[in-house]
Amino acid sequence: MAADTPPETTPRAATATAEPAAGSGTTVTAAPPGTAAPSGNGTPTAPAPAGGLTPDAIGFLDALAIGLNATSPAYSLAAVIGPLVALVGVHAPGVMLASFVPMLLIASAFHFLNRADPDCGTTFSWVTRALGPTTGWLGGWAIAMTGVLVVGSLADVAVGFGLLAVGADGLADNSLVREALTVLLILLMSWLCVRGTEVSARFQNVLVLLQVLCLVVFATVAVYRVYAGTGSLDAVRPAAEWLNPFGAGGSALTGGLLLGVFAYWGWESAVNLTEETKDSANAPGRAGIWSTVVLLATYVAVAFAVVAYAGTAYLAGRADSEEDVFAALAREVLGGWDWILLLAVATSALASTQTTIIPASRTALSMARRRALPAAFGHIDARRGTPGTSTWWVTGTAIVWYVVIHRISENALADSLTALSLLIAFYYALTGIACAVWYRRRLMRGPGPFLLLGAGPLVGSAMLIWLLAEAVADMADPGNASSSTAWFGLGAPLVIALFLAGAGVVLMLLRRATSAAFWRERPGVAPEVP
């Protein structure tokens with residue numbers, strides 16, 4: 001293969017398509033895999049799943065908007081900027097730049113793997129093909145659990161900032177009201193997901209434009225007031241040195257990169273819609289890559305504006321406030337127009353509440369079609385072409401998790417979000433490794449294949465594995481948790497992550513004992529191309 005030639009799309013085996021029952025609102029179950037397509041080494045691999053999802057429902061720009069909204073830029077910035085500045089000071093923009101590197105490398109792996117296998121299960125399907133069914137199942141479980149962990153927190157932030165934006169501060173401080181509205185919001189966003197991918201895309205397009213516009217207004221006003229000398233805090237003029245991620249030292253950089261990875265997480269939602277996107281082999285992967293690039297520009301620009309206007313002491317002093325720091329900054333920068341930034345955070349979390357359901361539900365659907373989960377998770381609404389059963393399963397599990405953890409304490413909810421970073425690093429790293437393994441016979445055909453299919457994904461995976469190890473060591477200390485309380489002698493986030501991992505292993509073993517068909521698949525290699 002020439003250095004500038006992209007990987008060929010893997011031939012997809014034909015499968016039977018289930019016929020929908022008559023009448024509206026009925027459901028169909030995607031047909032089980034048919035004859036396996038041979039891989040490059042002659043080992044049969046699972047074919048593309050049968051149809052059922054609505055093809056060509058959205059285009060590239062729709063996928064890009066969904067990828068951006070899934071990261072929740074305004075909320076992510078609000079959540080990490082205080083802790084990040086507490087760790088690295090004025091070098092926060094540089095750490096955001098450094099965090100972009102592994103994300104871009106993994107996004108590239110998603111792109112090339114999606115070209116070979118446009119499957120809505122993404123990491124689950126690709127890791128199964130390259131590394132085997134057990135590793136693939138665990139990768140799919142990690143994706144499903146990220147949705148369960150974060151959907152409630154995102155909806156809670158959307159409700160809280162939405163109430164603040166309209167001046168209902170008293171209701172925002174009422175725990176019961178906020179919890180009830182959060183549950184209702186999760187149900188509403190899930191209903192929109194089930195209504196149809198086109199409806200979801202239109203809604204996401206509006207939210208991403210509104211969110212970015214609000215952030216641009218905030219950043220512009222903040223920088224203007226810094227240079228005009230009209231700021232109300234200890235303003236610092238921006239400097240190019242802020243882009244140096246190593247300025248604060250190695251240990252600080254490690255913690256900062258963990259926060260940065262969390263801020264970028266979510267762009268792959270665009271790829272989970274691959275079977276519903278026009279030009280499914282190319283557009284979703286490109287949307288994922290461009291999502292990370294747009295996020296880089298947004299994060300660095302807003303980080304410069306926030307650090308310049310507020311100064312490091314103000315932000316570091318509010319590191320424990322997490323997203324609430326943006327509520328305070330909104331008043332400082334915009335005065336009576338503070339609702340603009342509050343609205344940005346609210347719409348950001350609202351959009352991400354919906355888009356975060358997509359990867360978890362599509363992954364569960366893909367797992368069911370490969371018989372890695374019970375067939376019920378493969379049910380697709382015959383009229384709307386959406387995976388209703390898996391969507392409502394994610395919704396119900398996420399609501400139960402949110403209510404239980406929220407009743408324990410706000411800190412426990414923050415700890416469950418911290419545990420999220422371990423799952424993210426795990427399945428992103430698996431995807432990078434799977435890319436290099438799947439395309440291993442093409443790596444020596446030139447610098448292009450070597451860098452794009454092998455070295456790049458492996459470097460991204462190595463960075464994430466290093467961050468994963470550092471995070472586990474950090475989370476083992478209960479003093480580093482939001483709750484500061486030891487759970488079984490360990491920090492709460494690590495216990496939560498270990499609990500979810502253990503539950504996944506148990507469920508996998510139970511499924512294997514009752515239906516071993518999926519575990520008879522064998523890893524393969526990308527087929528040879530002329």
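About the criteria used
Residues numbered from 1 in each chain as written. Predicted model: local features only at pLDDT ≥ 70, side-chain atom pairs only at ≥ 80, totals over all residues. Heavy atoms only, no water. Helix = DSSP H or I, 4+ residues; strand = E, 2+ residues; numbered from the N terminus. Buried < 20%, exposed > 50% of the residue type's maximum accessible area, 1.4 Å probe, protein only. Contact = heavy atoms within 4.5 Å. Axes fitted to C-alpha atoms, helices over the stretch in contact; angles between N-to-C directions. Parallel < 35°, antiparallel > 145°, perpendicular 65-115°, else oblique. Nonpolar A, V, L, I, M, F, W, Y, C, P; charged D, E, K, R; others polar. Salt bridge = Lys/Arg side-chain N within 4 Å of Asp/Glu carboxyl O. Polar contact = N/O pair within 3.5 Å; in protein donor to acceptor, adjacent residues only side chain to side chain. Core = buried A, V, L, I, M, F, W, Y, C linked by side-chain atoms within 4.5 Å. Expected span 1.5 Å × (residues − 1). Bend = angle between axes of the 7 residues up to and from the residue. Phe/Tyr/Trp six-rings, centres within 6.5 Å; stacked < 30°, edge-to-face > 60°. Lys, Arg positive; Asp, Glu negative; His and termini not counted.

Enquirer: It is not clear to me how the overall build of the protein chain should be interpreted in this structure. Could you clarify?
Expert: Counting secondary structure elements, the protein chain contains 18 helices and four strands. Out of the 530 residues belonging to the protein chain, those deemed buried represent 60%. Sequence separation of 24 or more characterises 80% of the internal contacts of the protein chain that already satisfy a separation of 6 or more.

Enquirer: For this particular structure, what's the right way to read the packing of helix α7 (residues 175-195) against helix α8 (residues 197-228)?
Expert: For the pair α7 and α8, the least separation of the axes is 5 Å and the interaxial angle reads 125°. With respect to α8, the element α7 is oriented oblique. Residue-level contacts link M189, L192 and C193 of α7 to V199, S200 and F203 of α8. Of the residues assigned to the contact of α7 with α8, the class counts are five nonpolar, one polar and no charged.

Enquirer: How do you make sense of the pattern of salt bridges when you look at a structure like this?
Expert: Side chains that differ in charge, positive against negative, can pair when their charged atoms come close. According to the stated counting rule, one finds eight salt bridges in the structure shown. Taking the shortest distance from any N to any O, the salt bridge between E276 and R362 comes out at 2.9 Å. Of this pair, E276 sits in the loop between α10 (269-272) and α11 (283-317) while R362 sits in helix α14 (residues 357-369), and the two are 86 residues apart along the sequence. Judged by its relative accessible area of 0%, E276 falls in the buried class. The residue D279 makes a salt bridge to R286 at a minimum N-O spacing of 4.0 Å. Residues participating in the shared-partner salt-bridge network are D119, E275 and R369.

Enquirer: I tried to follow the side chain of R369 on my own but got confused; where do I start?
Expert: Among the secondary structure elements, R369 is positioned in helix α14. A polar side-chain atom of R369 sits 2.6 Å from a polar atom in the side chain of E275.

Enquirer: Would you mind showing me how to read the nonpolar core here?
Expert: Here is a general trend for soluble globular proteins: nonpolar side chains tend to be buried in one another's company. Counting residues in each nonpolar core, the largest one holds 161 residues, and the members touching the most others are Y75, W137, L315, F326, Y428 and Y439. Setting aside its immediate chain neighbours within four residues, F326 contacts A74, L77, A78, I81, V302, V306, L341 and V345.

Enquirer: I would appreciate a short explanation of helix α17 (residues 447-475) in the present structure.
Expert: For α17, which comprises 29 residues, the first-to-last C-alpha distance of 39 Å matches the rise-based estimate of 42 Å (1.5 Å per residue) to within 8%. Most pronounced at A455, the bend in α17 amounts to some 35°, and the proline P457 follows within four residues. For α17, the set of buried residues is G448, P449, L453, G454, G456, P457, G460, S461, L464, L467, A471 and M475.

Enquirer: Looking at this model, I keep getting lost on helix α12 (residues 324-334). Mind explaining?
Expert: Because each turn of an α-helix spans 3.6 residues, side chains separated by three or four positions in sequence point in the same direction. Within the sequence span of α12, burial applies to V325, F326, A327, L329, A330, V333 and L334. Looking one or two residues beyond α12, the residue adopting positive phi is G335, at roughly 60°.

Enquirer: I would appreciate a short explanation of the packing of aromatic side chains in the present structure.
Expert: Within a pair of aromatic rings, the relevant descriptors are the distance that separates the centres and the angle that separates the planes. A full pass over the atoms with the stated rule returns 13 aromatic pairs. On the basis of an interplanar angle of 15° and a centroid distance of 5.5 Å, the ring pair of W242 and F304 is categorised as stacked. Of the two residues, W242 sits in the loop between α8 and α9 (250-264) while F304 sits in helix α11, which places them 62 residues apart along the sequence. Across the pair, exposure class does not vary: W242 and F304 are buried alike. Aromatic pair F518 and W519: ring centres 5.0 Å apart, planes at 80°, arrangement edge-to-face. Grouped by ring-pair contacts, the aromatic residues F110, W126, W267, Y427 and Y428 constitute a single cluster.

Enquirer: Looking at this structure, I do not really get unusual backbone geometry. What am I missing?
Expert: It is generally the case that most residues other than glycine have a negative phi and that most peptide bonds are trans. Of note in this structure, S72 is not a glycine but carries a positive phi near 55°. Mapped onto the elements of the fold, S72 is located in the loop between α1 (60-71) and α2 (73-88). For S72, a relative accessible area of 1% puts it in the buried group. Even without a glycine there, the phi angle at T122 is positive, about 40°. You can see T122 is positioned in the loop between α3 (92-116) and α4 (123-131).

Enquirer: Could you clarify how one ought to interpret the side chain of E268 in this entry?
Expert: Residue position: E268 is located in the loop between α9 and α10. Notably, E268 is buried but unbridged: the nearest opposite-charge side chain belongs to R362, and the N-O separation is 13 Å. With sequence-adjacent residues up to four places away left out, E268 is seen in contact with F110, Y427 and Y428.

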